[in-house]
There are 2 protein chains.
Amino acid sequence: KVTMSLKTVICVLWAVCVGQTAGSQHGPNIIIMLMDDMGWGDLGVFGEPSKETPNLDLMAAQGMLFPNFYTANPLCSPSRAALLTGRLPVRNGFYTTNAHARNAYTPQEIVGGISQDEILLPELLKKKDYVSKIIGKWHLGHRTQYLPLKHGFDEWFGSPNCHFGPYNNSVRPNIPVYNNSEMTGRYYEEFEINVKTGESNLTQIYLKEGLDFISQQAVAQRPFFLYWVPDATHSPVYASERFLGKSQRGRYGDAVMELDGSIGQILAHLVSLGIHNNTLVFFTSDNGAAVMSGPHQSGSNGPFLCGKETTFEGGMREPAIAWWPGRIPAGTVSYQLASVMDLFSTSLSVAGVLPPDDRVIDGLDLSPVLFNNSLLDRPIFYYRGNQMMAVRIGQYKVHYWTWSNSWEEFNTGINFCPGQEVPGVTTHTQEEHTMQPLIFHLGQDPGERYPISTYLFPDLSLFHLQVTAVVEQHQKDLIPGMPQLNMCDLAVMNWSPPGCEQLGKCLKPPESNPWKCVWPH
Amino acid sequence: KVTMSLKTVICVLWAVCVGQTAGSQHGPNIIIMLMDDMGWGDLGVFGEPSKETPNLDLMAAQGMLFPNFYTANPLCSPSRAALLTGRLPVRNGFYTTNAHARNAYTPQEIVGGISQDEILLPELLKKKDYVSKIIGKWHLGHRTQYLPLKHGFDEWFGSPNCHFGPYNNSVRPNIPVYNNSEMTGRYYEEFEINVKTGESNLTQIYLKEGLDFISQQAVAQRPFFLYWVPDATHSPVYASERFLGKSQRGRYGDAVMELDGSIGQILAHLVSLGIHNNTLVFFTSDNGAAVMSGPHQSGSNGPFLCGKETTFEGGMREPAIAWWPGRIPAGTVSYQLASVMDLFSTSLSVAGVLPPDDRVIDGLDLSPVLFNNSLLDRPIFYYRGNQMMAVRIGQYKVHYWTWSNSWEEFNTGINFCPGQEVPGVTTHTQEEHTMQPLIFHLGQDPGERYPISTYLFPDLSLFHLQVTAVVEQHQKDLIPGMPQLNMCDLAVMNWSPPGCEQLGKCLKPPESNPWKCVWPH
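Residues numbered from 1 in each chain as written. Chains lettered and ligands numbered in written order. Predicted model: local features only at pLDDT ≥ 70, side-chain atom pairs only at ≥ 80, totals over all residues. Heavy atoms only, no water.

> Please explain the sheet that holds strand β6 (residues 176–179) of chain A as it appears in this structure.
All names here are of chain A. Read across the open sheet, the 10 strands follow the order β7-β6-β5-β4-β8-β1-β9-β11-β2-β12; overall the sheet is mixed. Each having just a single partner strand, β7 (182–186) and β12 (332–333) make up the two edges of the open sheet. Pairing of strand β4 (residues 131–136) with strand β5 (residues 155–158) involves 3 bridges; the strand directions are parallel. In the strand pairing of β5, Lys133 is matched with Glu155. (Pairing = 2+ DSSP bridges. Helix = DSSP H or I, 4+ residues; strand = E, 2+ residues; numbered from the N terminus.)

> When you look at the layout of surface pockets in this model, what are you seeing that I'm missing?
Summary: where empty space remains is shown by rolling a probe the size of a single water molecule over the atoms. For the largest pocket, the calculated volume is near 770 Å³. Around the largest pocket, the lining comprises 24 residues; the ones closest to its centre are Val45, Asp57 and Ala61 of chain A together with Val45 and Ala61 of chain B. Residue assignment for the lining of the largest pocket shows that the elements contributing at least two residues are α2 (54–62) and β12 of chain A together with α2 (54–62) and β12 (332–333) of chain B. (1 Å grid on protein atoms, 1.4 Å probe; cavity = no way out; pocket = protein on both sides within 12 Å on 5 of 7 lines; lining within 4 Å. Points joined across faces, edges and corners; volume = space filled by probe spheres on them.)

> Would you take a moment to explain the UniProt feature "binding site: Ca(2+)" (unreviewed entry) in chain A for this structure?
Residue and element names in this part refer to chain A. Feature annotation in UniProt places "binding site: Ca(2+)" (unreviewed entry) on Asp36, Asp37, Cys76, Asp286 and Asn287, given in this structure's numbering. On the basis of their most widely separated C-alpha atoms, the annotated residues across 252 residues gather in one place, lying no more than 7.8 Å apart. By the secondary structure assignment, Asp36 is in the loop between β1 (29–35) and α2. Turning to its location among the elements, Asn287 is positioned in the loop between β9 (279–285) and α8 (313–316). Taking the relative accessible area as the measure of exposure, Asn287 reaches 0% and is therefore buried. (UniProt positions renumbered as here; feature names shortened; annotations may be inferred. Buried < 20%, exposed > 50% of the residue type's maximum accessible area, 1.4 Å probe, protein only.)

> So what exactly am I meant to see when it comes to the state of the cysteines here?
As used here, a disulfide is simply a covalent bond connecting the sulfur atoms of two cysteines. Residue and element names in this part refer to chain A. Applying the stated criterion across every chain, the model contains 6 disulfides over all chains. Covalent S-S linkage joins Cys488 and Cys517, the inter-sulfur distance amounting to 2.1 Å. Taking the sign of the S-S torsion, about 110° here, the bridge from Cys488 to Cys517 comes out right-handed. Within this pair, whereas Cys488 is found in strand β20 (residues 487–488), its partner Cys517 is found in the segment after β21 (515–516), the two being separated by 29 residues in sequence. Each member of the pair, Cys488 as well as Cys517, is classed as buried. The connectivity of the disulfide bonds within chain A can be written as 1-2, 3-6, 4-5, using the sequence rank of each bonded cysteine. Left unpaired, Cys162 is separated from the closest cysteine sulfur, that of Cys76, by 4.7 Å. By relative accessible area, Cys162 is classed as buried at 4%. (Disulfide = S-S within 2.5 Å.)

> How should the UniProt feature "active site" (unreviewed entry) in chain A be read in this particular structure?
All names here are of chain A. In the numbering used here, UniProt assigns the "active site" (unreviewed entry) feature to Cys76 and His139. These residues run over 64 residues, yet every pair of their C-alpha atoms falls within 7.5 Å of each other. With respect to the helices and strands, the residue Cys76 is situated in helix α3 (residues 76–85). Non-local contacts of Cys76, meaning those with residues more than four positions away in its chain, are made with Lys137, His139, Asp286 and Asn287. Among the structural elements, His139 can be located in the loop between β4 and β5. (Contact = heavy atoms within 4.5 Å.)

> Where do I start with the packing of aromatic side chains in this structure?
Residue and element names in this part refer to chain A. Per the counting criterion, the structure on display carries 36 aromatic pairs over all chains. An aromatic cluster is defined as three or more aromatic residues linked by ring pairs; in this entry it consists of Trp138, Phe153, Phe225 and Tyr227. Taking the ring centre of Trp324 as reference, the NZ or CZ of Arg327 above it sits at 5.1 Å. (Phe/Tyr/Trp six-rings, centres within 6.5 Å; stacked < 30°, edge-to-face > 60°. Lys NZ or Arg CZ within 6 Å of the ring centre and 35° of its normal.)

> Help me understand the side chain of Glu409 of chain B, please; the structure alone is not making it clear to me.
Residues and elements named next belong to chain B. One can find Glu409 in helix α11 (residues 407–411). Nearest to the buried, unbridged Glu409 among oppositely charged side chains is Arg384, at 6.6 Å. For Glu409, the side chain forms a polar contact with the side chain of Asn405, separated by 2.9 Å. Not counting residues up to four positions away in its chain, the partners in contact with Glu409 are Ile414, Phe416, Pro520 and His521. (Lys, Arg positive; Asp, Glu negative; His and termini not counted. Salt bridge = Lys/Arg side-chain N within 4 Å of Asp/Glu carboxyl O. Polar contact = N/O pair within 3.5 Å; in protein donor to acceptor, adjacent residues only side chain to side chain.)

> Is there a simple way to think about the interface of chain A and chain B in this case?
Listed as interface residues are 39 residues of chain A and, on the opposing side, 39 residues of chain B. Here chain A meets chain B over a buried area of about 3100 Å², counting both sides, of which 54% is carbon and sulfur. Viewed at the interface, chain B and chain A are joined by 0 salt bridges. When grouped by side-chain class, the residues that make up the side of chain A that touches chain B number 17 nonpolar, 14 polar and 8 charged. (Buried area = accessible area lost by both parts, 1.4 Å probe. Nonpolar A, V, L, I, M, F, W, Y, C, P; charged D, E, K, R; others polar.)

> For this particular structure, what's the right way to read the sheet that holds strand β15 (residues 387–393) of chain A?
Backbone-to-backbone hydrogen bonds pair the strands of a sheet. The strands run either parallel or antiparallel. Residues and elements named next belong to chain A. Read across the open sheet, the 4 strands follow the order β14-β15-β16-β19; overall the sheet is antiparallel. Of all strands in the sheet, those bounded by a partner on one side alone are β14 (380–384) and β19 (438–441). Direction aside, neighbouring strands of the sheet carry axes that sit 20° apart on average. Note that strand β16 (residues 396–399) and β19 share 4 bridges and pair antiparallel. Bridge pairing in β19 places Val398 opposite Ile439. Against the sheet, helix α12 (residues 460–476) makes contact with β14, β15, β16 and β19, and its axis sits at roughly 125° relative to β15, the strand it touches most. (Axes fitted to C-alpha atoms, helices over the stretch in contact; angles between N-to-C directions.)

The following block contains the structure:
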């Protein structure tokens, strides 16, 4: 059990004793819990056979479950940029034009990051005096100008990149962990991850950071936005000692159990502080399970096809739960087609902030869905880089391009669809279907196994017209942002992050030698 | 809403008015609801994305969910014979020796059926004055000596075989529908199924039969065993008009919705009669979803491999829920490895009847599981014909033989694993692995995609010894029953079932010309 500081405890008790209902005077608190590489099928409530997520299942029973929730990209950085800007990666610049239809992200050799021209959710929430904190993985660029405190967050505890490693700090530095605007250590050094045993306390640290932040804002009676983004389910997966070996699912399941337990503690903390009736909590994940990483290092996409890196359902359909006792009706299922970008628009809506009117926002305000279980008509677009690969309209998904990964890569053993193969669909060459799109009915065929042309389809030509109209409308308005993920340079890696001097942890960068990043898939 | 007869209503009201709590004087009522070809993944609570089974999900929330529940065979007749005898098909005779490792069942040209030497659950329950009724598909042989009323059931409404058709009654008769020991009509004649539209009222008829039977026994204060076996989810799937087109999943989903709604009505009926606290209800299915039948005619096996006809998880893991308000703790999940055969032993246990002591019973009494959430150590055996294909011990599944179907059949388009292919596992030749079994950890790898030899396995040789001991113990005790599913003959088909004379529906059989049935897979 994580303990609060004595000061916090006293403050909380005082607030309770004097009868104040903290948080009732201001806009609702907002907590977005975004998991890393967790799949749709990883939750008990979504059919994981081991049923080891009792807290998330309870959260669903107390809130609203979204079986048709999507990310904006099958890879982490673009997905996170989309969530915080409410805009597709092709608009906010989180894509590459180095090759056709490639997934790009922010490894530490990336030169780019989130553009200064983009307006992030925490920047907008400032208009209503929200205090914003990110706890966990940022992934929108690690160079100084791209860091969270430059883009609206007031506080940060976590890292700018994935926790890959350990590195030897000569060819490649270990990733720093920041406390606000300065580093406080590095992974595999001050923040241990035992890749061999899978042990790390990071989730517990992120939990304590979250509980403390919530307590502090409750006491201060300030509205807050907490962006809780732990990365324990991203390879190399980790869990703290208490959870290691506890799951039926192996190390990945241990990580899920620890996250589930932590989420249970956060929700319980809101209740104990009496602010649960004034807090919107949304749980989801950044992309599908990384099934190419094998059974020890990745999760489950349930009945869906393939996973991370692909625009099949396994890559982009996400587990999602909304929770707000007293506002969101308990135990409901919403069939709304929804997206991580909607969290931007919905957060603004509940906070009473208008979205920017000088740019296209792809996010939808889900308030009518959350509070009245309405259904809003909207398409879902599936992108890889700046290539729209597919679109979903209602139950129909229309693929214009299919690709898993290249034969070259596949033949080295990298398989984005292990155990699955749908001829003509999970292709190893980029296949264009623009003239005769592959159509699936996701209600009848969630696994994308039976292209609809192979059986009876009423009014096919009428349907094509409708889809074409939606796609043309989308493309007409589309002004691609400047691509941020084209250039790489070893000199920009995390050699000397801010704060390294005090810690004596500055490293010497090599000479700058930029190159066009190679994105193989 | 199905209406009861006026007499029944009056009786029920009278029972309630005079303050009697029907059923409290005798052993608990037992209801086994066995679905046909419904898959593990077809329930919302097991992750079907459309979440269209609110009544079953509620039943799980009020009862105990079994994610590790198995059938005894991946095909209907042997599975049903196993449920009612508590014995593996290889013991009770529901298998063939015509070829190696073949699935056999009871089409209407089958000569055999359930042996007179087998003792069925309703026969045993008579010792405690249970009244037993089967409503729906029997499938243990259609010749007179094999029918339900010859094997312990007091009442029957339903059919002896699958509802395939329509037939022209010259080459092949339509399947009869029985009311007790005499036919009352035939499918596609008195009992319509519109194969083109999918419309049929059969589920509503089975529902009404069930509600009426329950009412009658409640009024009479007799303990009852209701074996409710509707077949709407077996190809050709059907639903009544009110449900057609209502599901997001197409016609199959319509059938599931109607079954779900009917189950909700049955449970509500128990509550309204005040006998829910004295009734054990168990819901499951006879084998995995028939994924070879395509998206319009089959369901979902969730994250599992392949389906009906195979000994992969998709063929034999079943959705399962136990419900007994006040006795079974609500909202629990049991990880018990359990089997349809356990329903035999558990039913006897709760009724206070000893099982036969002159034969091996494979079923386990699940009472400690249901009432105390205990975990009992036991293996699960996966058979095809009389060949043990695989065994599960704990989380480990050990395949000694693998086969999906033959290349010849596969090349005609019959695919038992559509969209799935695991090299060396979903084989199209019968592959023996006895010397080096294929091992999967089903917790980490429920989809049987990663044979465990490909990554680290501690104490492999010790594990082999343990498995070998279990298998050898099993085989040492195994006395195969006389195979009942070897011979076929067109003369034995449902030409002139009992009662055909009164209805004028007797047909002339051809000359007897028996042959060894051909079981292609």
